[in-house]
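Results of the structural survey
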Amino acid sequence: MEPEFMAEEEIQSLFLKSERIPEEEFDELYDIVIAYLKTKGSFSDSGLEDADFSGSRWIDPMSTLTLVSNVPITLPLAEGLRDELQKLPRPHAVVFDGIDGTSCVTSDGRFIREK
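Below is a short write-up of the structure. (Residues numbered from 1 in each chain as written. Predicted model: local features only at pLDDT ≥ 70, side-chain atom pairs only at ≥ 80, totals over all residues. Heavy atoms only, no water.)

Side note on the overall build of the protein chain
Across its full length, the protein chain holds 3 helices and 7 strands. Along its sequence from the N terminus, the protein chain presents helices and strands in the succession β-α-α-β-β-β-α-β-β-β. Radius of gyration (C-alpha) of the protein chain: 13 Å, near the 13 Å computed for a compact globule of 115 residues. Dimensions along the principal axes, computed over C-alpha positions, put the protein chain at roughly 35 × 30 × 25 Å. Within the protein chain, the proportion of its 115 residues that are buried is 44%. Once local pairs closer than 6 in sequence are excluded, the contacts in the protein chain between residues at least 24 apart make up 64%. (Helix = DSSP H or I, 4+ residues; strand = E, 2+ residues; numbered from the N terminus. Rg over C-alpha atoms; globule rule 2.2 N^0.38 Å. Buried < 20%, exposed > 50% of the residue type's maximum accessible area, 1.4 Å probe, protein only. Contact = heavy atoms within 4.5 Å.)

A few points about the pattern of salt bridges
In the structure shown here, the tally under the stated rule is 9 salt bridges. The shortest N-O distance in the salt bridge between arginine 90 and glutamate 19 comes to 2.6 Å. One end of the pair, arginine 90, is in the loop between helix H3 (75-85) and strand S5 (93-98); the other, glutamate 19, is in the loop between helix H1 (8-16) and helix H2 (23-38), with 71 residues separating them in the sequence. Look at arginine 90 and you get partly exposed, because its relative accessible area is 30%. Classification of glutamate 19 by relative accessible area gives partly exposed; the value is 41%. (Salt bridge = Lys/Arg side-chain N within 4 Å of Asp/Glu carboxyl O.)

Details of the sheet that holds strand S3 (residues 53-54)
Taken in spatial order, the 7 strands make up an open sheet running S1-S7-S6-S5-S4-S3-S2, and their pairing is mixed. Two strands bound the open sheet, and with one partner strand each, they are strand S1 (3-6) and strand S2 (43-44). Here S3 runs beside strand S4 (residues 64-69); their pairing, made up of 2 bridges, is antiparallel. Across the sheet, the residue bridging to phenylalanine 53 is serine 69, located in S4. In the packing of H2 onto the sheet, contacts are made with S2, S3, S4 and S5, and the angle to S4 comes to roughly 30°. (Pairing = 2+ DSSP bridges. Axes fitted to C-alpha atoms, helices over the stretch in contact; angles between N-to-C directions.)

Some words on the packing of H2 against H3
Their axes nearest at 10 Å, the elements H2 and H3 cross at an angle of 145°. Relative to H3, the crossing made by H2 is right-handed. On the side of H2, the interface is formed by Leu29, Ile32, Val33, Tyr36 and Leu37, while H3 contributes Pro76, Leu77, Gly80, Leu81, Glu84 and Leu85. Partitioned by chemical class, the residues of the contact of H2 with H3 number 9 nonpolar, 1 polar and 1 charged. (Left-handed = near helix turned anticlockwise from the far one by under 90°. Nonpolar A, V, L, I, M, F, W, Y, C, P; charged D, E, K, R; others polar.)

Concerning the packing of aromatic side chains
Inspection of the entire model under this criterion finds 3 aromatic pairs. Aromatic side chains tyrosine 30 and phenylalanine 43 sit 6.3 Å apart centroid to centroid with 80° between the ring planes, which places their arrangement in the edge-to-face category. Within this pair, whereas tyrosine 30 is found in helix H2, its partner phenylalanine 43 is found in strand S2, the two being separated by 13 residues in sequence. In this structure, tyrosine 30 and phenylalanine 43 share a single accessibility class: buried. Members of the aromatic cluster, each reached through a chain of ring pairs, are Phe26, Tyr30 and Phe43. (Phe/Tyr/Trp six-rings, centres within 6.5 Å; stacked < 30°, edge-to-face > 60°.)

Considerations on a negative patch on the surface
There is a patch of like negative charges on the surface, built from Glu8, Glu9, Glu10 and Asp97. The greatest single-element share of the negative patch, amounting to 3 residues, is contributed by H1. Positionally, aspartate 97 belongs in strand S5. (Patch = residues over 30% accessible without salt bridge, like charges linked within 9 Å, V, L, I, M, F, W, Y side chains within 5 Å. Areas by Shrake-Rupley, 256 points an atom, 1.4 Å probe, with all protein chains shown as cover. Lys, Arg positive; Asp, Glu negative; His and termini not counted. Charge placed at Lys NZ, Arg CZ, Asp CG, Glu CD.)

So this is what it looks like as structure tokens:
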């Protein structure tokens with residue numbers, strides 16, 4: 001898994017192409033991603049406390065999940081997240097709005113970083 005580099009707008013366009021999914025499937029996506037991230041740092045789903053990662057379950061259920069990262073998204077973190085995403089039945093992605101720019105990890109093995 002080698003990082004690809006794209007402009008932030010190109011990464012955001014991936015989210016625009018994501019599709020609406022059933023809430024049960026979104027809950028499974030959210031739960032598997034958050035469980036993995038909690039092994040790598042702290043997580044806040046309220047946005048009220050300082051945490052390494054934050055997000056909300058109470059958004060439109062899409063196949064791409066957007067989260068905030070207050071730590072760099074490293075290659076080992078991306079590889080582990082890809083492995084977790086591959087446990088789900090259909091393609092999914094996670095976009096991080098992070099301190100090191102925008103990045104995206106997909107279940108098909110892409111690790112895209114902002115150039």
